[in-house]
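Residue-level listing of the chains:
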Amino acid sequence: MIESEVRPGRQEDVDKAADVLAGAFADYAWTRHTVAADGHFERVRRFQWLFVAKIGLPHGKVWVADGPNGPAAVAVWTTPESERIGEAFGAIADELRELSGDRADAADAAEAAMAPHRPTEPVWFLGTVGVAPESQGKGLGRAVIEPGLAAADAAGVSAYLETSEPGNVRFYQRLGFEVTAEVALPGDGPVTWSMRR
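Calculation rules
- Residues numbered from 1 in each chain as written.
- Predicted model: local features only at pLDDT ≥ 70, side-chain atom pairs only at ≥ 80, totals over all residues.
- Heavy atoms only, no water.
- Pairing = 2+ DSSP bridges.
- Helix = DSSP H or I, 4+ residues; strand = E, 2+ residues; numbered from the N terminus.
- Salt bridge = Lys/Arg side-chain N within 4 Å of Asp/Glu carboxyl O.
- Buried < 20%, exposed > 50% of the residue type's maximum accessible area, 1.4 Å probe, protein only.
- Phe/Tyr/Trp six-rings, centres within 6.5 Å; stacked < 30°, edge-to-face > 60°.
- Right-handed = clockwise from strand over helix to strand, strands pointing away.
- Axes fitted to C-alpha atoms, helices over the stretch in contact; angles between N-to-C directions.
- Contact = heavy atoms within 4.5 Å.

## Quick word on the pairing of strand β7 (residues 191-196)
Across a regular strand the side chains alternate sides, sitting on one face of the sheet and then on the other.
At step 1: The sheet contact formed by strand β5 (residues 158-163) and β7 spans four bridges and is antiparallel. For Y160, the partnering residue across the bridge sits in β7 and is R196.
At step 2: As paired elements, strand β6 (residues 178-184) and β7 share six bridges and run antiparallel to each other. Following the sheet pairing, A181 is matched in β7 by S194.

As structure tokens, then:
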């Protein structure tokens, strides 16, 4: 049962959104493979902070569902409308590589392995989504994703995502996504699924 309304993210949400997303991704297979173990949580939190503050808010779309202490669920999309998304990613590329630490080569290899499976035409790309542990099981994950799906449908374009968690595959299939590729990441990395709706 959804306990809060979904709303567009704002600049003042960035810190709490980064906390929520870091909690969701600290033990996630992709980030464990691509982000250094030392100071792992803080590295992942900074990565997510950059994605919300420097990519999602200025160049994409962010939706949040509030809990008692601010955002309890967050979804960040990149969209076809941004003409400067490549420039925005370029501006933070060095810091992202630094955050990967001794896993930077693994991160590069993972990106290279997934690149051939990513759409080349305009899509809504669900870059990151997470729900605070105390708010899980209440429908908030689905709730913060649905505005992006509706926007993609309205624009007549596909929605796309990647996940390295088998349980997530079933969750996204219930939202209408289909698996388009299953990739074992190099260097004993996790299997990652490309999914499209």
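## What to know about the pattern of salt bridges
At step 1: Throughout the structure, instances matching the rule amount to 16 salt bridges.
At step 2: Across the salt bridge formed by D27 and R32, the nearest N and O atoms sit 2.8 Å from each other.
At step 3: On the basis of relative accessibility, which here comes to 64%, the residue D27 falls in the exposed class.
At step 4: The closest approach of N and O atoms between E121 and R196, which form a salt bridge, is 1.9 Å. With E121 in the loop between α5 (104-114) and β4 (123-131) and R196 in strand β7, this residue pair connects regions lying 75 residues apart in the sequence.

## As for the packing of aromatic side chains
At step 1: Under the definition given, this model contains seven aromatic pairs.
At step 2: Pairing F25 with Y28 gives two aromatic rings, centres 4.9 Å apart and planes at 80°, and the pair type is edge-to-face.
At step 3: Residue F25 is classed as buried on the basis of its relative accessible area of 13%.
At step 4: A ring pair is formed by W63 and W124, whose centres lie 6.2 Å apart and whose planes are at 25°; its orientation type is stacked. In this pair, W63 sits in strand β2 (residues 60-67) while W124 sits in strand β4, placing the two residues 61 residues apart along the sequence.
At step 5: Given a relative accessible area of 4%, W124 falls into the buried group.

## Concerning unusual backbone geometry
The bulk of non-glycine residues show a negative phi, and the bulk of peptide bonds are trans.
At step 1: Notably, D188 is not glycine yet its phi reads approximately 60°, a positive angle.
At step 2: As for its placement among the helices and strands, D188 is situated in the loop between β6 and β7.

## Section: the pairing of β5
At step 1: The element β5 is largely enclosed, with a buried count of six among its six residues.
At step 2: Burial along β5 is two-sided: S158, Y160 and E162 facing one way and A159, L161 and T163 facing the other are all buried.
At step 3: Relative to β5, β4 runs parallel, the two sharing three bridges. Bridge pairing links V123 to S158 in β5.
At step 4: For the crossover from β4 across helix α6 (residues 140-155) to β5, the handedness is right-handed.

## A few points about the sheet that holds β4
At step 1: Pairing is mixed in the open sheet, where seven strands are placed in the order β1-β2-β3-β4-β5-β7-β6. A strand with exactly one partner marks an edge of an open sheet, and here the two such strands are β1 (6-8) and β6. When the angles between neighbouring strand axes are averaged without regard to direction, this sheet yields 25°.
At step 2: The sheet strands contacting helix α3 (residues 40-59) are β2, β3 (70-78) and β4, and the helix crosses β2 at an angle near 120°.

By themselves, these figures tell us nothing about what the structure is for.
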